[in-house]
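# Summary of the model geometry
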Amino acid sequence: MALKPLDIFKLLPKTNCKECGYPTCLAFAMQIAIGKAELAQCPYVSEEAKKQLASESAPPIKTITVGKNEKINLGGETVLYRHEKTFYNPTGIGVLIREDMKDEEIETEIKNITELKYERVGVVLKSEFIGIMDSGKGKFVEIVEKCFQTGKNLVLISDNLENIKKSIEISKEVKPIVFPSDISDEIVKIVKEFNLPVVVKGENIEEISQKVQKLESSGVSEIILYPENKKISEIFKNLILIRRAAILKKKRELGYPVLTIPAFMTDNYLKEGIYASIFIAKYGSIVLLSKIRGEVLFPLLIERLNIFTDPQRPMTTPEGIYEIGKPDDKSPVFVTTNFSLTYFIVSGEIENSKMSGYLLAQDTEGLSVLTAWAADKFNAETIANLVKKTKIEERLSKKVLIIPGVVAQIYGELEEELPEWKILLGPREAAHIPAFLKNVEF
Ligand code: SF4
C-alpha cells in the first residue's frame, strides 16, 4: 500500500469516536496502512476522502474475483517478495481440457479435479479451475456444460463467438474467464455485458501493455494477462517484468492477474509440474495443467500453501482433540501445541507407532512446545484447562496423558492439576514416540 498512516489520518474525521472498533482515528489509520482494517469501518469518512483513499490505497495489482461456490481472488498482490509482507491470493490450479481429447479422457479429468482433495493443517487443498479449449469439433459447449456442473471456475478458450455466447449463458454464474486469441469489438461487447474477465495475450510486455490500454479505454476493467511463449525462460522473465512494472513502476496497465498454461509448454507431465511450481512461486495467478494427477497436484498444493501463508504468523492447527488411528476408551492421550509443524510431526509419529490414540492440540498461537513453555503459554494449568474444556475423559475408561519430554518441569504440577489422570513423560523428540510406545506400560 502506498499510503502512510499519517496520510490516511489526515483524511479521517479525527473525532476519535471509536465506532470503527479502534480507540483513535490514528490507530485506525495505522491498521488501514498495514491492510488490517478497511475504510468502510468508519461511518463518517467523507465521499471525497473515500475516493482519494480508494484509488491511492488500491493494490498495485487488481483483485479479480471469479467463481460462485469455489470463489477465488486473483491478483491483489502488493509486494515483490513474500518476506516483505505476504502474498495474499493463492494461485488457482486447474486442468486444461481440449475439445479433441477422447470422451474417456475428459471424464477422467473431470472426475479427478472433482475428487482429488487433501486435508492439511485443517485446510482442504484442491484445484479450482478448468480451462476448456475449443478445437472446432462441435463439442465445446457440451464440455463446458459438464465442467460447469463440477462447480469449478472456468476459462473458456475459444474464438468461436457463438460457442462463447452459449457457454457464457450456461456458466455465467461462476463468472467464467473468456480467452479469445484476439480481442474483437464483439468480444468487448460480450465481456462488458456480462461483466466477465477477459484474457489479453502477447509475446512481450510492450504488446500486452498496448492491448490492455486499448481494452481499458473501451471500458473493460477485468483483465487477465497471458504472456505467450513456448519457452519457460521467456515466460518466467515476462512474469517477473510484469510484476516489477506493476509494483515498482506503478504501471497500472500491467497491474492485473496473470494466466500461465504449463500444459502448452511440454509433453512431459513431470516437467509441467516443475513449470507450474515455478509459476506458483513467481507470479502466476492461475496455472493450467494438461491433467490432474495426485503425484503432481499434491506437491503443488503444498507448495502453494507454503508460499501463500503469512510469514509473520506461524501456521496453526485448530485447538481440539484429534483422533489418530481408531482410538477407544483405553487409548492414551498425547498433548502438544497447535504449531502446525509440531502437530504434524507428533501426529505422524503416533501414526507410525501403529498404536491408536488421541492427540490434544493446545492453542499456543502457533508456538512450538519449548517456545510456548518459555512464554508460559504451555504449562500445567493450560494443559489441565484444555483437558477439562475438551471433556476428553468422557471418551475414556483409562485416563493416561502423555506430555512432551521437553517439558518435564511441569510433570509434578500437572499431576496435582489432574489427580485422576496417570501422567506419563513422553520422549524429548517426536521421532522417538514409536519406540516409547513399544516399551511403555499404561
Ligand atoms: Fe475516527 Fe471514524 Fe474511527 Fe470514529 S469511526 S474513531 S471517526 S476513524
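Notes on the structure in this doc start here. Bear in mind that the values here come from a model prediction, so they are computed numbers and not experimental data.

The next thing to look at is the overall build of the chain. Scanning the chain for helices and strands turns up 16 helices and 17 strands. Here the C-alpha coordinates of the chain stretch approximately 80 × 65 × 35 Å along the principal axes. For the chain, with 442 residues in total, the buried portion stands at 49%. For the chain, the computed accessible surface area is about 21400 Å², with 51% contributed by carbon and sulfur atoms.

A full pass over the atoms with the stated rule returns two cavities of 30 Å³ or more. Estimates place the volume of the largest cavity at around 160 Å³. Lining the largest cavity we find 19 residues, and of these Glu77, Arg243, Tyr283, Gly284 and Ser285 sit closest to its centre. Elements represented by at least two residues in the lining of the largest cavity include exactly helix H9 (232–247) and helix H10 (269–281). At four residues, H9 tops the list of elements feeding residues into the lining of the largest cavity. Here the residues of the lining of the largest cavity are counted per class, giving 13 nonpolar, four polar and two charged. Considering only enclosed or pocket space, the second largest cavity measures out at about 80 Å³ in volume. Lining the second largest cavity are 15 residues, and of these Cys17, Lys18, Cys20, Cys25 and Cys42 lie nearest its centre.

Counting 82 residues, the largest nonpolar core has Ile97, Phe129, Ile132, Leu154, Ile177, Leu225 and Leu259 as the members making the most contacts within it. In this structure, Leu259 is in contact with Phe179, Val199, Ile224, Leu225, Tyr226, Pro227, Ile286 and Leu288, ignoring residues within four places of it in sequence. Core analysis: the second largest hydrophobic core is formed by 23 residues, Ala380, Ile410, Leu414 and Trp421 among them.

Let us now look at the pattern of salt bridges. For side chains bearing opposite charge, pairing can occur when the charged atoms are close. Enumeration according to the criterion identifies 21 salt bridges in this entry. Two residues, Lys237 and Glu234, come together in a salt bridge whose shortest N-O distance is 3.4 Å. With a gap of three residues between them, Lys237 and Glu234 both fall in helix H9, about one helical turn apart. Lys237 gets classed as partly exposed once you look at its relative accessible area, which sits at 42%. Overall, the relative accessible area of 25% leaves Glu234 in the partly exposed class. Ionic pairing is found between Asp329 and Lys330, a salt bridge with its closest N-O pair at 3.9 Å. On the basis of relative accessible area, Lys330 is assigned to the exposed category, the value being 52%. Each of the salt bridges in this network shares a partner with another, and the network as a whole consists of Glu70, Lys126 and Lys152.

About the criteria used
Residues numbered from 1 in each chain as written. Predicted model: local features only at pLDDT ≥ 70, side-chain atom pairs only at ≥ 80, totals over all residues. Heavy atoms only, no water. Helix = DSSP H or I, 4+ residues; strand = E, 2+ residues; numbered from the N terminus. Buried < 20%, exposed > 50% of the residue type's maximum accessible area, 1.4 Å probe, protein only. Areas by Shrake-Rupley, 256 points an atom, 1.4 Å probe, with all protein chains shown as cover. 1 Å grid on protein atoms, 1.4 Å probe; cavity = no way out; pocket = protein on both sides within 12 Å on 5 of 7 lines; lining within 4 Å. Points joined across faces, edges and corners; volume = space filled by probe spheres on them. Nonpolar A, V, L, I, M, F, W, Y, C, P; charged D, E, K, R; others polar. Core = buried A, V, L, I, M, F, W, Y, C linked by side-chain atoms within 4.5 Å. Contact = heavy atoms within 4.5 Å. Salt bridge = Lys/Arg side-chain N within 4 Å of Asp/Glu carboxyl O.

The quantities given are spatial measurements derived from coordinates; they are silent on function.
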